[in-house]
Amino acid sequence: MTDEKSIPLIEVRDLKKYYPIKGGVITHTTGHIRAVDGVSFSIPKGETLGLVGESGCGKSTIGRQLVGLETPTAGTICYNGCDLEAIRKDKKQLRQIRTKLQMVFQDPYSSLNPRKHIFEILSQPMLYHHISTKASVEQDILKLLDMVGLPKTVLGRYPHEFSGGQRQRIAIAKALSLNPEFIVCDEPVSALDVSIQAQILNLLRELQKELDLTLLFVGHGLGAVNYVSNQIAVMYLGKIVEIGEAKEVFRRPVHPYTKALLEAVPVPDTAQKDKERRLLQGEVGSNTNPPDGCRFHNRCPYATDACAQDEPELKPIPAALQFRGTANSPFESSQASPSLNSAIRAVQGNTGNEQAAVAHRVACPIMMGHIQNAADTAAGKNMQEEEAHG
């Protein structure tokens, strides 16, 4: 029997979103902003995919397309195996599915109608979509408030009367009001204080477990994304450059951009205050005219001439190389290049019997080559030790 969780609730294939640039005396299209340019991933039911990257890389655009707020330029979005583009022709079926796909926005104040009190904000969608009746809607709303940790006294108040954390809880209750299966959380904690961020993250984890929700969590903070996610995808200029299990990507990043993001995270440890950090150099490329070849090559410390010519594909690290184990490698050398040492750490571990549930995929031939070399080096040393003890 097929495990239900192994079937993707959301599947995205070669998704693209181009925005036209208008100009000229007689207005015409002079170019395109390639906000999303060939993205593919899947999210199994009940799991969370964390989407990280710099501002403007296309994270929020993907989320808006998944819930139907924007139409893709090209590519396919499937919900429970059904192509959403094909469903758009059937308005009745589309209306039913739209209730299953909801979104929590970054700014809760702008996503809540300031002219309506909380009871109206929560009750009107439930009545319109026949989730509740006039007789049961109040009781259903009280259940929602209890889920998100708000008292019933909030129902007669307006959005401007709440703190940022309370407004975000109301926004989450609004998303839950239609009994969704999938929710896009578009940087839901970025505008909140650190203590409130922790409360909202814990709330999302509890609700996901209780309601068996599937989430796309968009964020900048890798710590927060790692805390709530099963998988992590790293985006740069409209493309995914690395994707895999959250613990694997967070602890053993392979792509140079992913490592740069992790090194930029402040570490609250005075013992590491003098630790040298390799900061990225150069300017972020343009989505209007992205660089040829690898879009990260003009900022990458390991780039070669080939990186500026050939656009890398997202390829899985071979299963035999996806080892688990200690952070420090016995094969790591102080004379080796930093990229080779990073690659050795990425493949370091035990015999490799433990397999990742999700393939760790990377769009960087240079680092993939270093990983293979590191694995060959480790295998050669193991053979020498066996012969010596044999």
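Residues numbered from 1 in each chain as written. Predicted model: local features only at pLDDT ≥ 70, side-chain atom pairs only at ≥ 80, totals over all residues. Heavy atoms only, no water.

A. Layout of the state of the cysteines. According to the stated counting rule, one finds 0 disulfides in the structure shown. We note that Cys-300 lacks a disulfide partner, and the nearest cysteine sulfur, in Cys-364, lies 5.9 Å from it. Distance from the sulfur of Cys-307, which forms no disulfide, to the nearest cysteine sulfur (Cys-294) is 6.1 Å. (Disulfide = S-S within 2.5 Å.)

B. Local environment of the pairing of strand β1 (residues 8-23). Pairing analysis gives 13 bridges linking β1 to strand β2 (residues 28-44), with the strands arranged antiparallel. Counterpart to Tyr-18 in the pairing with β2 is Arg-34. What sits between β1 and β2 in their antiparallel hairpin is a turn of 4 residues, with Gly-24 showing a positive phi close to 95°. Bridge analysis of β1 against strand β4 (residues 74-79) gives 5 bridges, and the strand direction is antiparallel. Along β4, the bridge assignment pairs Arg-13 with Thr-76. (Pairing = 2+ DSSP bridges. Helix = DSSP H or I, 4+ residues; strand = E, 2+ residues; numbered from the N terminus.)

C. Highlighting the sheet that holds strand β6 (residues 101-104). An order of β6-β7-β8-β3-β9-β10-β12-β11 is seen for the 8 strands of this open sheet, with the pairing classed as mixed. Strands with a single pairing partner mark the edges of an open sheet, and in this sheet they are β6 and β11 (315-316). Here 6 bridges tie strand β9 (residues 231-236) to strand β10 (residues 239-245), and the two strands are oriented antiparallel to one another. Residue Ala-233 lies in a different strand from β10, and its bridge partner there is Ile-243. Across the face of the sheet, helix α1 (residues 59-66) comes into contact with β3 (48-52), β6, β7 (182-186), β8 (214-219) and β9 while running at roughly 155° to β8. Where helix α7 (residues 164-176) meets the sheet, it contacts β6 and β7, and its direction lies at approximately 175° from that of β6. (Contact = heavy atoms within 4.5 Å. Axes fitted to C-alpha atoms, helices over the stretch in contact; angles between N-to-C directions.)

D. Focus on the side chain of Lys-59. Take Lys-59: it is sitting in helix α1. Look at Lys-59: it is buried, it has no salt bridge, and the nearest opposite charge is Glu-187 at 4.3 Å. Side-chain polar atoms of Lys-59 contact the backbone oxygen of Gly-53, separated by 3.2 Å. (Buried < 20%, exposed > 50% of the residue type's maximum accessible area, 1.4 Å probe, protein only. Lys, Arg positive; Asp, Glu negative; His and termini not counted. Salt bridge = Lys/Arg side-chain N within 4 Å of Asp/Glu carboxyl O. Polar contact = N/O pair within 3.5 Å; in protein donor to acceptor, adjacent residues only side chain to side chain.)

E. Main features of the packing of aromatic side chains. Within the structure shown, the criterion is met by 3 aromatic pairs. With 5.2 Å between their ring centres and 85° between their planes, Tyr-236 and Phe-296 make a pair best called edge-to-face. Taken as a pair, Tyr-236 in strand β9 and Phe-296 in the loop between α11 (256-263) and β11 lie far apart in primary sequence, 60 residues in all. By relative accessible area, which is 3% here, Tyr-236 ends up buried. Of the residues examined, Phe-296 reaches a relative accessible area of 1% and is grouped as buried. Through successive ring pairs, a cluster of aromatic residues spans Tyr-236, Tyr-257 and Phe-296. A cation over an aromatic ring shows up here: Arg-95 above the ring of Tyr-128, its NZ or CZ 4.7 Å from the ring centre. For Arg-205, the ring lying beneath its charged end belongs to Tyr-227, and the centroid distance is 4.4 Å. (Phe/Tyr/Trp six-rings, centres within 6.5 Å; stacked < 30°, edge-to-face > 60°. Lys NZ or Arg CZ within 6 Å of the ring centre and 35° of its normal.)

F. Representation of helix α5 (residues 118-128) in the model. Among the residues of α5, Ile-118, Ile-121, Leu-122, Ser-123 and Met-126 are the ones counted as buried. Looking one or two residues beyond α5, the residue adopting positive phi is His-130, at roughly 60°.

G. Quick peek at the nonpolar core. Ranked by internal contacts, the top residues of the largest apolar core, which has 58 residues, are Val-148, Ile-172, Leu-176 and Ile-183. Looking at which element gives the most residues to this core, the answer is α7, with 6 residues. Beyond its immediate sequence surroundings of up to four residues, Leu-176 is in contact with Leu-144, Val-148, Ile-183, Leu-207, Leu-211 and Leu-213. Counting residues in hydrophobic clusters, the runner-up holds 31 residues, among them Phe-41, Ile-43, Leu-84 and Leu-94. (Core = buried A, V, L, I, M, F, W, Y, C linked by side-chain atoms within 4.5 Å.)

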